[in-house]
Amino acid sequence: MSRLIVLSCLSLLACGGTERTRTTFPVQVSARSSGLVTDSGWSVTLTKATAHLASVRFFSGKAQLARATPWWHRALISNAYAHPGHYAAGEALGEVLATLDADLLAGPTEWGVADGVTGAYGSLQLGFAEGGLEVEGTATKGADTVAFSTRFTPPAPLEGAAFSHEMTTSPGRVDVQFDLSVVFSRIDFALVGSGAKPLDTMSPAFNGYARGIEDVSAYVTTWSAQ
Amino acid sequence: MSRSLSLLTVVCALAAFAHEGEEDIIDAGAPMSRETQVRARRPAHSATEVVVDREVLDATPRAGATDLLRAVPGLVATQHSGEGKAQQLFLRGFDAVHGQDVELNVAGLPVNQVSHIHALGYADLNWLIPEAVREVRVTEGSARAWQGDFAVAGTVRYELGLEEPGVQLSAGIGSFNRMRLFAGYRPEGLGETFAAVEYVQGDGFGPSRAFGRVSALGQFVHKLGPVTFRAVGGSYGARFDSPGVVRESQVTSGALDFYGANGRGHGGSVSRHQLLLSAEVPGETGRTTFELYGVFNEGRLRNNFTGALQHPTGDGLEQFQSSMTFGGRALHQRHLHVGTQTLTLDLGISGRGDGIRQTQRGYVDADGSPRETSIDVGITQTLGSAWTELAWAPHGWRFMLGGRLDVLHVELRDARAFNGQGATRSSLGPHFGLKAGVERALGEHFRAFASYGDGFRTPQARQLSDGERAPFVDVRGAELGLRFDSRLVSASAAAFGSFVANDFFFDHTAGTTSFVGETLRGGGQAMVTARPVEGFVVSANVTVATARLTQRDALLPYFAPVVGRLDSGWSRRFETPWFAVTPRLGIGATVIGPRPLPFNEFSREVFLVDARAGVRLGAVELTFDLQNALGAQWRDGEYVFASSWGTQSQLPSRHFTAGPPRTFFLNLEIHL
């Protein structure tokens, strides 16, 4: 009875709620893997691309590089990539804490349903499991062909990838797309050190691969309303 | 407009201060005999001005400051960090945190600490000895001109005095090894003069809840000719552990007990020493009271509410503050005759200075070793105030117009500014407040009220920039009420509303303040106190409130929408051939409705029952107190924020502090 009285009073007094609310939304992983050409002119064909993922978290803080600038702008003024420390993650707004082995060549893979809260999302943090990003394939430049395989696991979750979205309770889906052209852009397959399969981890080519994975502009995250 | 009016009122009143007046000290429109002017209860000028007397206070168990605060109608007091830290207060739709919206005063000694390192207006009442509280005077809202800093939701003043003359000794034991010793003495024929001391210790109802405190408090009242002198002094020291907060998921998964604790080494240590001297001088033209006081407060708090969310070694914060407060107050009341009409004039002038030293630094959870210092400042904060109320009471009406001027000056020395080179900044700013009220007597027993008042709270000094006009938080409050007073029954009902132009929200977990813009609070309150038969008293009140962010049409989190309290007690003296027998029975109940939390969630409702039974045989009294008699497993505080306690998730999540389970306390008291 007392509960009934209290709840009746509340229904009159507390209508409207406290502004924000909890929400859930599905997250999938996909990749752009065709037409890969590195900055040094190698055309890459992948036979395997598996992302071993541990977590994705969405934050309120704006990304290190929030949006791509038009080509003519880049021609005049170079992009300034902020070094760590300029990015402030802010409040955690959503997350999927589940491991996933995503075959990036097989099309979009469901990661899971994120628990989250409504609000202005600004960035995401991507956590890799052991194995990181594992790739295999060939790189061709003129008459030279290099068969390669490698994997790299970032030592810490990658912070500050862009995802600007005003999250509400409207249904939709988040797609985290691996732009493999960015991942491979820094690799020169002429500089593979002692070997390409597996890639010499001390070689400049491996260094380019690792830097490509750690480049957060390689992860293009979009919201699709349903 | 309100500033101009209030300034005009202050100026007119100050001019009238020099005018010849009459000798009688009677509040206009209200009966008050000359014989009772020292201790007579001032008539209420709103439906929510109430006095909770000792009969009501003694009806149910009052183990300490939290229970004394719950005597205030509509007030919710939670103790989220151990028996020694200031309670978190909720009143009239305000989450007053540790005191920022409720002005607390004990016999003239201010309790709220300005610009406190832990929370604005930090009001620690744990030094107050329950037996030494004669009555609690509650003035809800901000409609009276004498209400000062932090009187946003209301003012609570505790008056001191022991109940009966002679020596009073008591010893008690209770659940969880709680032990209490008390000694008090009230001499015959010296009014409210007394001295009292208490020592309390206990293990607490779960891990990390041990505490101990000692408090000495005394009051000396002496009449020398027409002048009544009063001195109040006290010393207090406490040390306490704190269980911090528990994440709800830790309990549901079985990882932690409901009464468990997270982290270690949380808690604190506080001390307070105080002295007030006052003289009440009846003059030819009026009555004047002078007060001087000094309060020394020191405290160290260690909290970690978030685990290791920000720092891998733990997010613990150690806060230290030491402050010295000096102040003085002059109050003058007189009658003025204008033609055939009599007006009552109240004037007040006060000054308060606070010298504060405060630091905050992180510490490593594992061993308590310090991390970086984030705050290291010295503050000198000065507040000068003048106020007046002018009342006219013709033919069953009473009209009051008042105003208040407060000027704040802050000087701050920040040792960490400019990479540790240090910097000073200062700020000054005034606040004008208008006060107005209309009363109408409706027959013999009823009175109707309408009132308006601008309340304020001073800002946190650390947030001021150099040369800034000190920004007070200004609240505009209004109230409509109806009151019934008879010999056996007092009852009242009121509707209230408060508007704050630039409100802010305090984040406990990070110790930061977020400005949220315009807020509007409103609600209603009903109270009744009845003494239907000899020795029996029942006092009940219920308050409903809402609090909204007006620009975003959303509820503010954490306020208490529904609060109810019942205190009922029976005690009667029977004479036998050998000695007098006085049995005592009492029962109390508290209801707190679900409070809105962030993300459209609500806390659980609270329903608590307390009971008291006792008997006095001659000079010996035995009392058995049972608190939370129904054994409810209840959450004293519920909060939503991110932590790493037992989880990898960084999302905001429900946390709580457990309320005490069923506890008993057996007390033996001897009167000599």
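Analysis parameters
- Residues numbered from 1 in each chain as written.
- Chains lettered and ligands numbered in written order.
- Predicted model: local features only at pLDDT ≥ 70, side-chain atom pairs only at ≥ 80, totals over all residues.
- Helix = DSSP H or I, 4+ residues; strand = E, 2+ residues; numbered from the N terminus.
- Rg over C-alpha atoms; globule rule 2.2 N^0.38 Å.
- Buried ≥ 20, exposed ≤ 12 C-beta atoms within 10 Å, placed from the backbone.
- Contact = placed C-beta atoms within 7 Å.
- Nonpolar A, V, L, I, M, F, W, Y, C, P; charged D, E, K, R; others polar.
- Pairing = 2+ DSSP bridges.
- Core = buried A, V, L, I, M, F, W, Y, C linked by C-beta atoms within 7 Å.
- pLDDT = per-residue confidence, 0-100.

Considerations on the overall build of chain B
Okay, step 1: When you go through chain B residue by residue, the secondary structure sums to 5 helices and 39 strands.
Okay, step 2: Taken over C-alpha atoms, the radius of gyration comes to 25 Å for chain B, in line with the 26 Å a tight globule of 672 residues would show.
Okay, step 3: For chain B, the C-alpha atoms occupy an extent of roughly 75 × 75 × 45 Å along the three principal directions.
Okay, step 4: The buried share of chain B, reckoned over its 672 residues, is 49%.
Okay, step 5: Within chain B, contacts between residues at least 6 apart in sequence are counted, and of these 65% link residues at least 24 apart.

Things to note about the overall build of chain A
Okay, step 1: Helix and strand counts for chain A stand at 4 helices and 11 strands.
Okay, step 2: Residues counted as buried form 35% of the 226 residues belonging to chain A.
Okay, step 3: Pairs at least 24 residues apart make up 80% of the contacts formed inside chain A by residues separated by at least 6 positions.

Focus on the environment of Ser185 of chain A
Residue and element names in this part refer to chain A.
Okay, step 1: Here Ser185 is to be found in the loop between α3 (180-184) and α4 (204-214).
Okay, step 2: Taking the C-beta count within 10 Å as the criterion, Ser185 has 19 such neighbours and is therefore assigned partly exposed.
Okay, step 3: Taking the C-alpha atoms as reference points, Ser185 and Val37, separated by 148 residues in sequence, lie 6.8 Å from one another.
Okay, step 4: Look past the residues within four positions of Ser185 in its chain and what remains in contact with it is Thr38, Asp39 and Gly212.

Digging into the interface of chain B and chain A
Buried accessible area, meaning the area lost when the parts come together, often serves as the stated size of an interface.
Okay, step 1: With 26 residues of chain B at the contact, the number on the chain A side is 20 residues.
Okay, step 2: It is strand β28 (residues 536-549) of chain B that provides the largest number of residues to the side of chain B that touches chain A, a total of 3 residues.
Okay, step 3: In terms of residue class, the side of chain B that touches chain A is made up of 17 nonpolar, 6 polar and 3 charged.

Regarding unusual backbone geometry
Okay, step 1: For the bond from Lys197 of chain A to Pro198 of chain A, the omega torsion is 0 degrees, close enough to zero to count as cis.
Okay, step 2: On the secondary structure map, Pro198 of chain A appears in the loop between α3 and α4.
Okay, step 3: One non-glycine residue, Arg92 of chain B, lies in positive phi territory at about 50 degrees.
Okay, step 4: Residue placement: Arg92 of chain B occurs in the loop between β3 (88-91) and β4 (94-95).
Okay, step 5: With 30 C-beta atoms counted inside 10 Å, the residue Arg92 of chain B sits in the buried group.
Okay, step 6: We note that Asn177 of chain B has phi near 60 degrees; this positive angle belongs to a residue other than glycine.
Okay, step 7: Within the secondary structure, Asn177 of chain B sits in the loop between β11 (166-174) and β12 (178-186).
Okay, step 8: Overall, Asn177 of chain B belongs to the exposed group, with 11 C-beta atoms counted inside 10 Å.

Let's talk about the pairing of strand β10 (residues 154-160) of chain B
All names here are of chain B.
Okay, step 1: Within β10, 6 of the 7 residues are buried, which leaves it mostly tucked inside the rest of the structure.
Okay, step 2: Sheet analysis places strand β5 (residues 102-106) next to β10, joined by 5 bridges and oriented parallel. Bridging across to β10, Val106 finds its partner in Tyr158.
Okay, step 3: Where strand β9 (residues 133-140) meets β10, 7 bridges bridge the pair, whose relative direction is antiparallel. If you follow Glu135 over to β10, its bridge partner there is Glu159.

Notes on the sheet that holds β4 of chain B
Okay, step 1: Pairing is antiparallel across the open sheet formed by 3 strands, whose spatial order is β2-β3-β4 (chain B). Since the sheet does not close on itself, it has two edges, and those belong to β2 (76-78) and β4 of chain B, each with one partner.

Here's the deal with the sheet that holds strand β37 (residues 635-641) of chain B
All names here are of chain B.
Okay, step 1: Taken in spatial order, the 3 strands line up as β16-β38-β37 in an open sheet, and their pairing is antiparallel. The open sheet is flanked by β16 (246-247) and β37, the only strands paired with a single partner.
Okay, step 2: Bridge analysis of β16 against strand β38 (residues 653-658) gives 2 bridges, and the strand direction is antiparallel. Paired with Val246 across the strands is Phe656, a residue of β38.

Points about the nonpolar core
Okay, step 1: By size, the foremost hydrophobic cluster in this structure holds 89 residues, and its most contacted members are Leu69, Leu125 and Leu128 of chain B.
Okay, step 2: No other element matches β28 of chain B, which puts 5 residues into this core.
Okay, step 3: Setting aside its immediate chain neighbours within four residues, Leu69 of chain B contacts Leu75, Ala77, Gln87, Leu89 and Leu125 of chain B.
Okay, step 4: By size, the runner-up hydrophobic cluster in this structure holds 63 residues, among which are Val27, Leu53, Ile187 and Phe206 of chain A.

Topic: the pairing of strand β35 (residues 606-617) of chain B
Okay, step 1: Bridging between strand β32 (residues 580-592) of chain B and β35 of chain B involves 12 bridges; their strand directions are antiparallel. From the neighbouring strand, Val591 of chain B faces β35 of chain B, where its bridge partner is Phe607 of chain B.

Examining the confidence of the model for chain A
Regions with low pLDDT should not have their predicted coordinates read in detail.
Okay, step 1: Residues at a pLDDT of 70 or more form 83% of chain A, whose mean pLDDT is 86.
Okay, step 2: Here residues 77-85 of chain A is modelled with pLDDT under 50, and outside its nearest four sequence neighbours on either side it reaches 7 contacts, counting other chains as well.

Describing the environment of Ala31 of chain A
Residues and elements named next belong to chain A.
Okay, step 1: Tracing the chain through its elements places Ala31 in strand β1 (residues 22-32).
Okay, step 2: Counting along the chain gives 78 residues from Ala31 to Thr109, while the straight-line C-alpha distance between them is 9.7 Å.
Okay, step 3: With near-sequence residues (within four places) excluded, Ala31 lies in contact with Ala49, Leu104, Gln177, Phe178 and Leu180.

Some details on the environment of Val183 of chain A
Residue and element names in this part refer to chain A.
Okay, step 1: Mapped onto the secondary structure, Val183 falls in helix α3.
Okay, step 2: Assessed through the 29 C-beta atoms surrounding it within 10 Å, Val183 is described here as buried.
Okay, step 3: The sequence separation of Val183 and Gly112 amounts to 71 residues, and the corresponding C-alpha distance is 24 Å.
Okay, step 4: The residues contacting Val183, other than those within four sequence positions of it, are Leu133, Phe178, Gly212, Ile213 and Ala218.

A look at the confidence of the model for chain B
All names here are of chain B.
Okay, step 1: Of the residues in chain B, 92% have a pLDDT of 70 or more, and the chain-wide mean is 90.
Okay, step 2: Counting interchain partners and residues more than four positions distant, the pLDDT-below-50 stretch residues 5-39 has 60 contacts.
Okay, step 3: The complex model carries a pTM of 0.86, and its ipTM stands at 0.80.

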